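# Geometric and topological summary
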Amino acid sequence: MNNKTLNFSILALALAAPLVLYPVFLMKVLCFALFACAFNLLLGFVGLLSFGHAIFLGSGAYITGHLMLNYSITPEVGILAGVGASALIGLIYGKLAVKREGIYFAMVTLALAQLMFFFYLQAPFTGGEDGLQGVPRGFLFGLIDLSDNLTMYYFVLAIFIAGFLLIYRTIHSPFGQVLKAIRENEARAISLGYKVNNYKLQAFVISAALAGLAGSTKALVFQLASLNDVHWFMSGEVVLMTLLGGMGTIWGPVLGAGTIVGLQNFLASGPLANYIHVVMGVVFVVCVLAFRQGLVGELQKLVRKNF
Amino acid sequence: MAEFLGINLFGLFGQLLVGLINGSFYALLALGLAIIFGLLKIINFSQGALYMLGAFAAWMALEYLQLNYWYALFLVPIVVGIFGILLERFLIRPIANEDHLYSLLLTFGIALILQGLFTDWYGSSGLPYAIPEELKGGTRLPFMYLPNYRAWIIVCSLAVCALTWFMIEKTKLGAYLRAGTENPQLMQAFGINVPLIVTLTYGFGVGLAGLAGVLAAPVYSVSPEMGSSILIVVFAIVVIGGMGSIGGAILTGLAMGIVEGLTKYFYPEASNTVIFLVMVLVLLTKPAGLFGKEA
């Protein structure tokens, strides 16, 4: 089976999925999958571990939610505004964060995200601990009513595919090749004359904007933007999704997001409901100790060995 | 004399004291992080959770074993240190040769597990821990009332920080440790058991977090979330100070506590964020950190 048939079968599955599975669950998976793909662009392809990515998800959600609640705009405008806000924060934070490397980069992004967290906690427009509730989904282009979950699902699917293709094109462009070169050997990339920090910053902004896209969409799906979206735990969750699925692979984050969201849904209704964080922690530890290639990586190894 | 140039001196000194106490905790935690980073080159994400574990261990010792504060102050750092040694030996060491980002993620996972377990066992609201009998009451100073226990926190953590600094910078054991930081292979070639030093160092760094936890138990309520919120601040402090020097970590921790206290007095809305803003300033002007060595 070549890649094209694989991609088409996945698309067909995605189109038919709401026949079998609950659309809200699928939309949640798609939003987190896009979030994880955006995050993976940095971690998997530039080697930068951002530990504050929730802030871009949450900023998209808050801005879109706020605009949809208070101004009569259409959802696509709301989403664009959310993406723009996240990209802008990404530009500022990226400029600061790329000054440091490795572990420091992770700490800087985490600290900057916490700064923004306190801003959202105290700012009047976010509704503080309650968050923004009852965000209307509105009419797409002023025409299509999104309040129906099935319509909304196909809208979210379209957004996801657009974001996914953008990431795919980025990775496979000359720009993406430079990113991979930076990941593999930064000193070499510098000596070849690449302005490494500019490349890192551009990747950071793209990643932040797409994380914002995921957040804006998520705010419309759940009609809610809350502090959970900007909390450090959310930042940890997206790391876990990417790690579990396989960092640096195209489909890994999608599979990881699906697995984690599925697992959370499963746990929430079972006897382990109070242990969700513990289970996430255990998955983290197991992944790091035994499973560093992630699901997709291990699967590829299996295929290479046996076929 | 309570007013001076329109400043309420009682309020100001009160917040300075709170800042100094927070700074003491920042210093202890940043010191632990810096020591661990020096040898293992990893950022211990579970440092906050182990601080929380220290506070809970003190609470549990009193509740279940009737061991009072003074026993806890001595025993808990050892227990937490041993816990850390087990973590290092069985979880962190197997991946020591992988990218350091993996060990960061591993310790993050451990932190999630610890925090999740304690949230489930004891709820997230926090448990009270009484100030020990010997340190109740306080002293009236010209501008402020100084509770004895708060004075004790400052004295105790400064003493521990100074002692640790002396041990690392001035003793033979410290020299081994610094040499191991510079060149572990060469150390090993000289017949020094580097893995053992690494494990003990990790245990010691984690023990400092445990000690901070015991000290914190009577002033903050003992809660599962106490570790994660302070850890992120300590990360910012580590970025500000750089982890190149032990003394730098201690000084930055104390200084940031005081800055936070002053902000609480002059502009309380920004007290949560001021340390992060300082970090932004440092990144803009001196990206390697105030005491940083690397470029």
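Residues numbered from 1 in each chain as written. Chains lettered and ligands numbered in written order. Predicted model: local features only at pLDDT ≥ 70, side-chain atom pairs only at ≥ 80, totals over all residues. Heavy atoms only, no water.

### Remarks on the overall build of chain B
A tally of regular secondary structure across chain B gives 11 helices and four strands. For 295 residues, the compact-globule estimate of 2.2 N^0.38 gives 19 Å, and chain B sits close to it at 19 Å. With respect to the three principal axes, the spread of C-alpha positions in chain B is 65 × 50 × 35 Å. Burial status across chain B gives 55% buried among its 295 residues. Residue pairs at least 24 apart in sequence account for 78% of intrachain contacts in chain B once pairs closer than 6 positions are excluded. For chain B, the accessible area works out to roughly 12,600 Å², and carbon and sulfur atoms hold 69% of it. Treating the 12 positive side-chain charges of chain B as one cloud and the 14 negative ones as another, the clouds have centres 11 Å apart. (Helix = DSSP H or I, 4+ residues; strand = E, 2+ residues; numbered from the N terminus. Rg over C-alpha atoms; globule rule 2.2 N^0.38 Å. Buried < 20%, exposed > 50% of the residue type's maximum accessible area, 1.4 Å probe, protein only. Contact = heavy atoms within 4.5 Å. Areas by Shrake-Rupley, 256 points an atom, 1.4 Å probe, with all protein chains shown as cover. Lys, Arg positive; Asp, Glu negative; His and termini not counted. Charge placed at Lys NZ, Arg CZ, Asp CG, Glu CD.)

### A word on the overall build of chain A
Looking only at helices and strands, chain A features 13 helices and four strands. Across its three principal directions, the C-alpha atoms of chain A cover 50 × 45 × 40 Å. Looking at the 307 residues of chain A, the share that counts as buried comes to 56%. Put simply, chain A shows about 13,000 Å² of open surface, and 66% of that area lies on carbon and sulfur atoms. Taking the 17 positively charged and 11 negatively charged side chains of chain A as two groups, their mean positions are separated by 15 Å.

### Topic: the nonpolar core
Of all hydrophobic cores here, the largest spans 218 residues; its most connected members are Leu49(A), Phe51(A) and Phe25(B). It is helix H2 (residues 23-43) of chain A that provides the largest number of residues to this core, a total of 18 residues. Residues contacting Phe25(B), with those up to four places away along its chain left out, are Tyr51(B), Ile153(B), Ala212(B), Leu215(B), Ala216(B), Val219(B), Tyr220(B) and Ile230(B). (Core = buried A, V, L, I, M, F, W, Y, C linked by side-chain atoms within 4.5 Å.)

### Brief notes about helix H2 (residues 47-65) of chain B
Residue and element names in this part refer to chain B. Helix length check: H2 (19 residues) gives 25 Å between terminal C-alpha atoms against 27 Å at 1.5 Å per residue, within 8%. With 14 of 19 residues buried, H2 is to be regarded as a mostly interior element. Just downstream of H2 lies Gln66, where phi reads positive at about 55 degrees. (Expected span 1.5 Å × (residues − 1).)

### Let's talk about the pattern of salt bridges
When the charged atoms of two side chains with opposite charge come close together, those side chains can pair. Per the stated rule, a full pass over the model turns up six salt bridges over all chains. Between Lys218(A) and Asp229(A) there is a salt bridge whose closest N-O contact spans 2.7 Å. Pair noted here: Lys218(A) is in helix H9 (residues 196-222) and Asp229(A) is in the loop between strand S4 (224-225) and helix H10 (232-245), with a separation of 11 residues, a long-range link. Each of the two residues, Lys218(A) as well as Asp229(A), counts as buried. A salt bridge links Glu88(B) to Arg93(B), with the shortest nitrogen-to-oxygen separation between them at 3.7 Å. What makes Glu88(B) buried here is its relative accessible area of 3%. Accessibility expressed as a relative area gives 28% for Arg93(B), which makes it partly exposed. (Salt bridge = Lys/Arg side-chain N within 4 Å of Asp/Glu carboxyl O.)

### Looking at the packing of helix H5 (residues 148-170) of chain B against helix H8 (residues 194-216) of chain B
Residue and element names in this part refer to chain B. Between H5 and H8, the least distance of the axes is 11 Å, while the angle of their chain directions is 170 degrees. Judged by the angle between their axes, H5 and H8 are roughly antiparallel. Here Tyr149, Trp152, Ile153, Cys156, Ser157, Val160, Thr164 and Met167 of H5 lie close against H8, whose contacting residues are Phe204, Leu208, Leu211, Val214 and Leu215. The residue makeup of the contact of H5 with H8, split by class, is 11 nonpolar, two polar and no charged. (Axes fitted to C-alpha atoms, helices over the stretch in contact; angles between N-to-C directions. Parallel < 35°, antiparallel > 145°, perpendicular 65-115°, else oblique. Nonpolar A, V, L, I, M, F, W, Y, C, P; charged D, E, K, R; others polar.)

### Topic: the interface of chain A and chain B
On the side of chain B, 45 residues touch chain A, which itself brings 37 residues to the contact. Taken over both partners, the interface formed by chain A and chain B buries close to 3,800 Å², and the fraction arising from carbon and sulfur atoms is 79%. For the pair chain A and chain B, the number of links is one salt bridge. Our enumeration of links across chain A and chain B arrives at three residue pairs in polar contact (both at pLDDT 80 or more). Elements represented by at least two residues in the side of chain A that touches chain B include exactly helix H5 (102-122), H10 and helix H12 (276-290) of chain A. No other element matches the 12 residues that H5(A) contributes to the side of chain A that touches chain B. Considering only residue class, the side of chain A that touches chain B consists of 27 nonpolar, seven polar and three charged. (Buried area = accessible area lost by both parts, 1.4 Å probe. Polar contact = N/O pair within 3.5 Å; in protein donor to acceptor, adjacent residues only side chain to side chain.)

### Overview of the packing of aromatic side chains
As enumerated under the stated definition, the model contains 32 aromatic pairs over all chains in all. Look at Phe105(A) and Phe204(A): their rings are 6.1 Å apart centre to centre, the planes differ by 80 degrees, and that puts the pair in the edge-to-face class. Of the two residues, Phe105(A) sits in helix H5 while Phe204(A) sits in helix H9, which places them 99 residues apart along the sequence. Phe204(A) gets classed as buried once you look at its relative accessible area, which sits at 1%. Here the aromatic rings of Tyr265(B) and Phe266(B) are separated by 4.9 Å at their centres, their planes lie at 90 degrees, and the arrangement is edge-to-face. Every member of this aromatic cluster is reached through a ring pair, and the members are Phe51(A), Trp232(A), Phe233(A), Phe284(A), Phe45(B), Phe108(B) and Phe235(B). Positioned above the aromatic ring of Tyr102(B) is the side chain of Arg292(A), whose terminal nitrogen or guanidinium carbon lies 5.8 Å from the ring centre. Here the basic side chain of Arg89(B) rests over the ring of Phe90(B), its NZ or CZ set 5.6 Å away from the ring centre. (Phe/Tyr/Trp six-rings, centres within 6.5 Å; stacked < 30°, edge-to-face > 60°. Lys NZ or Arg CZ within 6 Å of the ring centre and 35° of its normal.)

### Here's the deal with the environment of Lys95(A)
All names here are of chain A. You can see Lys95 is positioned in helix H4 (residues 75-97). Between the C-alpha atoms of Lys95 and Leu157, which are 62 residues apart in sequence, the distance is 32 Å. Excluding its chain neighbours within four sequence positions, the residues that come into contact with Lys95 are Gly90 and Leu201.

### Notes on the environment of Val156(A)
Looking at the secondary structure, you find Val156(A) in helix H6 (residues 149-171). Every residue in contact with Val156(A), bar those within four places of it in the chain, is listed here: Met27(A), Leu30(A), Cys31(A), Thr217(A) and Val221(A).

### Thoughts on unusual backbone geometry
One non-glycine residue, Gln223(A), adopts positive backbone phi at about 55 degrees. The residue Gln223(A) is located in the loop between H9 and S4 in this model. For Gln223(A), a relative accessible area of 33% corresponds to the partly exposed category. The residue Gln66(B) is not glycine, and still its phi comes out positive at about 55 degrees.

### Observations regarding the side chain of Thr199(B)
With respect to the helices and strands, the residue Thr199(B) is situated in helix H8. At 2.6 Å, the side chain of Thr199(B) and the side chain of Arg93(B) are in polar contact.

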